[in-house]
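For reference, the chains in residue letters:
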Amino acid sequence: MAVAWIATGCRRTGTVLPLGAQQSVADRIEAYRRADLEPARLPPPTIDFVAKETTAGAVTATARPLRPEDAPWNRWPTGGHRLFNNRAALLFEVSIRSDEPLVWLPAGTTLELNDEHTVVPAAETTEALLADLLSHAFLEEQWSIPGDLVDRARGAGPFRAAYLPLHAQDGAMEGIMAFPLWAGPGRSLAELHVVAVRLTVKVGMGSEEEADLVWVFD
């Protein structure tokens, strides 16, 4: 059987690519765009999107839920969302204060959805949420697919800068905290109707003590 080839080839290698393979990659990218970049049109969690304060020993903190599609660093001027939509994660804006140096401990930071049985771990860095965008941007460039994913990926700097740091020598840290909604291969918690969440943020202090900061949003 004859095979059609595309003469333009791959930008990185100059390899001549089969047209059918390129179309398959283009379809894969388009499916990703529909699922992850276009508005998710999911009902919001039925919780209060307000800032709440809590204390644990000498540590005081506030947290406020934030939907990804509402975040200023996630706006894309030509449509869709720059990095990901509401299917990707539940976000919180967090501010933590102490008289001692602080360390955020992601391994002990969790979000319980509706009950204590559905527990979502925190993403330690932004890269867990950017992995899909980066991989599809690479495919777009590698296979000469017209699109803007490379530009979107290059615009991830404000999101990275806004993320909660792991250390604060001056005892003050603030930023975004994300809880990815992937529950394993082919499974997502994005469709779960959330009516209450319990956020637990574990921090360490200069005295080597640890504290659990806990909020309930319902």
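Just above sits the structure.
My aim in this report is to walk through the structure given alongside it, one point at a time.

This part covers the side chain of Thr126. Structurally, the position occupied by Thr126 is in the loop between β8 (119-121) and α2 (127-142). By relative accessible area, which is 5% here, Thr126 ends up buried. A distance of 2.7 Å separates the side chain of Thr126 from the side chain of Glu127, its partner in a polar contact. Each residue touching Thr126, except ones within four places of it in the same chain, is listed here: Phe159, Arg160 and Tyr163.

Per the counting criterion, the structure on display carries seven aromatic pairs. Clustering of aromatic rings is evident, with ring pairs tying together Trp73, Phe84, Trp104, Phe159 and Tyr163.

In this section: the sheet that holds strand β4 (residues 59-66). Here four strands make up an open sheet; going across it, the order is β3-β4-β5-β10 and the pairing antiparallel. Here the strands that pair on one side only, and so sit at the sheet edges, are β3 (52-56) and β10 (172-180). Going from strand to strand, the sheet's axes swing by 25° on average, the running direction of each strand aside. Taken together, the five bridges between β3 and β4 define a ladder with antiparallel strand orientation. Bridge pairing links Thr54 to Ala61 in β4.

Counted under the stated rule, the structure contains 11 salt bridges. For Glu93, the salt bridge goes to Arg64, with nearest N and O atoms at 2.5 Å. Here Arg64 lies in strand β4 and Glu93 lies in strand β5 (residues 89-97), a separation of 29 residues in the sequence. Its relative accessible area of 30% is what places Glu93 among the partly exposed residues. One salt bridge connects Glu127 with Arg160, and the closest N-O pair in it is separated by 2.8 Å. Highlighted residues: Glu127 in helix α2 and Arg160 in helix α4 (residues 157-162), separated in sequence by 33 residues. For Glu127, a relative accessible area of 34% puts it in the partly exposed group.

If you walk through the whole model with that rule in mind, you get one cavity of 30 Å³ or more. The space that makes up the largest cavity amounts to roughly 50 Å³. Every residue lining the largest cavity is listed: Tyr32, Asp36, Leu83, Phe84, Ala88, Leu129, Asp132, Leu133 and Trp182. Taken together, the elements giving at least two residues each to the lining of the largest cavity come down to α1 (19-36) and α2. The dominant element in the lining of the largest cavity, judged by the number of residues it contributes, is α2, at three residues. Each residue belonging to the lining of the largest cavity can be placed in one class, and the counts come to seven nonpolar, no polar and two charged.

Thresholds applied
- Residues numbered from 1 in each chain as written.
- Predicted model: local features only at pLDDT ≥ 70, side-chain atom pairs only at ≥ 80, totals over all residues.
- Heavy atoms only, no water.
- Helix = DSSP H or I, 4+ residues; strand = E, 2+ residues; numbered from the N terminus.
- Buried < 20%, exposed > 50% of the residue type's maximum accessible area, 1.4 Å probe, protein only.
- Polar contact = N/O pair within 3.5 Å; in protein donor to acceptor, adjacent residues only side chain to side chain.
- Contact = heavy atoms within 4.5 Å.
- Phe/Tyr/Trp six-rings, centres within 6.5 Å; stacked < 30°, edge-to-face > 60°.
- Pairing = 2+ DSSP bridges.
- Axes fitted to C-alpha atoms, helices over the stretch in contact; angles between N-to-C directions.
- Salt bridge = Lys/Arg side-chain N within 4 Å of Asp/Glu carboxyl O.
- 1 Å grid on protein atoms, 1.4 Å probe; cavity = no way out; pocket = protein on both sides within 12 Å on 5 of 7 lines; lining within 4 Å.
- Points joined across faces, edges and corners; volume = space filled by probe spheres on them.
- Nonpolar A, V, L, I, M, F, W, Y, C, P; charged D, E, K, R; others polar.

Honestly, it's all geometry; don't read function into it.
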